[in-house]
Amino acid sequence: MKFRQLIQATENKYNRLLANLLSLYIIYPFLVYLPLGDWLIFFFFSLSLIIAVYQIDRSKLALRFNIGLFLIALLLRAFSTIIPIYSDFNRWFELSSTLIFLAFIGLCVYSILLELIPAEQVTSDIIKGGICVYFLLGFFWAAAYNIVQIFDSDSFSSAAKTVNQADLLHFSFTTLATVGYGDIVPASKVARVLANLEGMTGVLYPAVFIARLVSLHNGR
């Protein structure tokens, strides 16, 4: 019975990650305004990625490496909260933490694609893995926009005058989906280039990769 449950968990390993990413995307704008909301989001999101990567690779080395990245980013976030007096230190702590978080998402995307790209027999779980990558791309670009804003607080303009992390996540997914509401506009050159690259990713990824997975699944 335990072996059968293990096989089922392996065959449906993207269910949990997809549910976590969808839940996080929905509750993110509400949690980010809470006193410890940023910490809860970071912890919940990082834990989901660590579990997902371990289910894919089954490598203890990769698990230890991801846990190490998580702990380093957690310490940097703690330092940026404890030492708010020195604005320069605070900015560099936040920047380092966001860079590690960005690398963390990138490693997870790489691990998933490494399994999905060579797949010839596509199951519904493989398609869910492709959808997980789409969500992770939205979070990845949001973290990249956050790095740009750390260097230049005027990189994005909005009618609300202030652009926070929830706004950047909203801008990232509207750009990825090529909706472009125009409520948040990239103002700096770097932000515009990143927005254009994300828009191209949002067009090419579903049209090429997801379409390939669906066609292989229907053919099977």
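None of these values were measured; they are calculated from a predicted model.

Asks: Where do I start with the overall build of the chain in this structure?
Replies: Regarding its fold elements, the chain presents eight helices and two strands. When each of the 220 residues of the chain is scored for burial, the buried share is 42%. When the accessible area of the chain is evaluated, it comes to approximately 12,400 Å², of which 67% is carbon and sulfur surface.

Asks: How should I be thinking about the environment of Tyr 145 in this particular structure?
Replies: Tracing the backbone shows Tyr 145 in helix H6 (residues 124–151). Spatially, the C-alpha atom of Tyr 145 lies 8.9 Å from that of Phe 156, the residues being eleven residues apart in sequence.

Asks: Can you help me understand the environment of Ser 124 in this one?
Replies: Here Ser 124 is to be found in helix H6. Each C-alpha atom of the pair Ser 124 and Asn 12 lies 8.7 Å from the other, and the pair is 112 residues apart in sequence.

Asks: Please explain the packing of aromatic side chains as it appears in this structure.
Replies: Geometry of an aromatic ring pair is reported as the spacing of the ring centres plus the angle between the planes. As enumerated under the stated definition, the model contains 15 aromatic pairs in all. Measuring from ring centre to ring centre gives 5.6 Å for Phe 42 and Phe 70, while their planes differ by 15 degrees; the resulting arrangement is stacked. Placement of Phe 42 in helix H3 (residues 37–57) and of Phe 70 in helix H4 (residues 60–82) is noted, with a sequence separation of 28 residues between them. The buried category is assigned to Phe 42, whose relative accessible area is 3%. Clustering of aromatic rings is evident, with ring pairs tying together Tyr 25, Phe 42, Phe 43, Phe 45, Phe 70, Phe 101, Phe 135, Phe 139 and Phe 173.

Asks: Can you walk me through a nonpolar patch on the surface in this structure?
Replies: The grouping of Val 193, Leu 197, Met 200, Val 203, Leu 204 and Val 208 at the surface amounts to a nonpolar patch, some 550 Å² of accessible area in total. The topology assignment puts Val 208 in helix H8 (residues 189–219).

Asks: Explanation requested: unusual backbone geometry in the structure shown.
Replies: It is generally the case that most residues other than glycine have a negative phi and that most peptide bonds are trans. In this structure, Thr 178 takes a positive phi of about 55 degrees despite not being glycine. Taking relative accessible area as the criterion, Thr 178 reaches 48% and is therefore assigned partly exposed.

Asks: What should I look at first to understand the packing of helix H2 (residues 13–31) against H6 in this one?
Replies: The description of two helices packed together rests on the angle between their axes and the distance between the axes. For the pair H2 and H6, the least separation of the axes is 9 Å and the interaxial angle reads 30 degrees. Between H2 and H6 the crossing geometry is left-handed. The residues of H6 that touch H2, namely those facing Lys 13, Tyr 14, Asn 15, Leu 17, Leu 18, Leu 21, Leu 22, Leu 24 and Tyr 25, are Asp 125, Lys 128, Gly 129, Ile 131, Cys 132, Phe 135, Leu 136 and Phe 139. Partitioned by chemical class, the residues of the contact of H2 with H6 number twelve nonpolar, two polar and three charged.

Asks: Looking at this structure, I do not really get the nonpolar core. What am I missing?
Replies: Buried together is how nonpolar side chains tend to be arranged in soluble globular proteins. Phe 45, Ile 112 and Leu 136 are the most contacted members of the largest nonpolar core, which has 63 residues in total. Going through the elements one at a time, H2, H3, H4, helix H5 (87–116), H6, helix H7 (165–176) and H8 are the ones with two or more residues in this core. Here this core gets 16 residues from one element, more than from any other, and that element is H6. If sequence neighbours within four positions are ignored, Ile 112 has contacts with Tyr 14, Leu 17, Ile 56, Gly 129, Val 133 and Leu 136.

Each value, and the rule that gives it
Position labels on residues start from 1 in each chain and follow its written sequence. Per-residue local features are limited, in this predicted model, to residues with pLDDT of at least 70; the limit for side-chain atom pairs, both in listing and counting, is 80 or more; totals at the level of whole chains, interfaces and linings are taken over all residues. As a rule here, side-chain values come from all non-hydrogen atoms in the structure, and water together with hydrogens is ignored. In DSSP terms, a helix is any run of H or I states spanning at least four residues, a strand is any run of E spanning at least two, and both are numbered starting from the N terminus. For each residue, the accessible area found with a 1.4 Å probe, counting protein chains only, is set against the maximum for its type, and the residue is called buried under 20%, exposed over 50%, and partly exposed in between. Only the protein chains shown count as covering a residue, and every accessible area follows the Shrake-Rupley method with a 1.4 Å probe. Only centres within 6.5 Å qualify two rings of Phe, Tyr or Trp (six-membered ring in Trp) as a pair; their planes then separate them into stacked at under 30 degrees, edge-to-face at over 60, and tilted for everything else. A residue counts toward a patch only above 30% relative accessible area and without a salt bridge, and it is joined to like-charged neighbours within 9 Å or, for Val, Leu, Ile, Met, Phe, Trp and Tyr, to nonpolar neighbours within 5 Å. Salt bridges, as used here, are contacts in which a Lys or Arg side-chain nitrogen is within 4 Å of a carboxyl oxygen on Asp or Glu. Between N-to-C directions, angles span 0 to 180 degrees; the directions come from axes that are lines fitted to C-alpha atoms, helices contributing only their stretch in contact. Two helices cross in a left-handed way if the nearer one is turned anticlockwise from the farther one by less than a right angle. They cross in a right-handed way if the turn is clockwise. Residues are treated as being in contact if the distance between any of their heavy atoms lies within 4.5 Å. Note that Gly is not counted as nonpolar here; it falls among the polar residues with everything else outside the nonpolar set of Ala, Val, Leu, Ile, Met, Phe, Trp, Tyr, Cys and Pro and the charged set of Asp, Glu, Lys and Arg. Throughout this description, the term nonpolar core refers to a set of buried Ala, Val, Leu, Ile, Met, Phe, Trp, Tyr and Cys residues connected via side-chain atoms within 4.5 Å.

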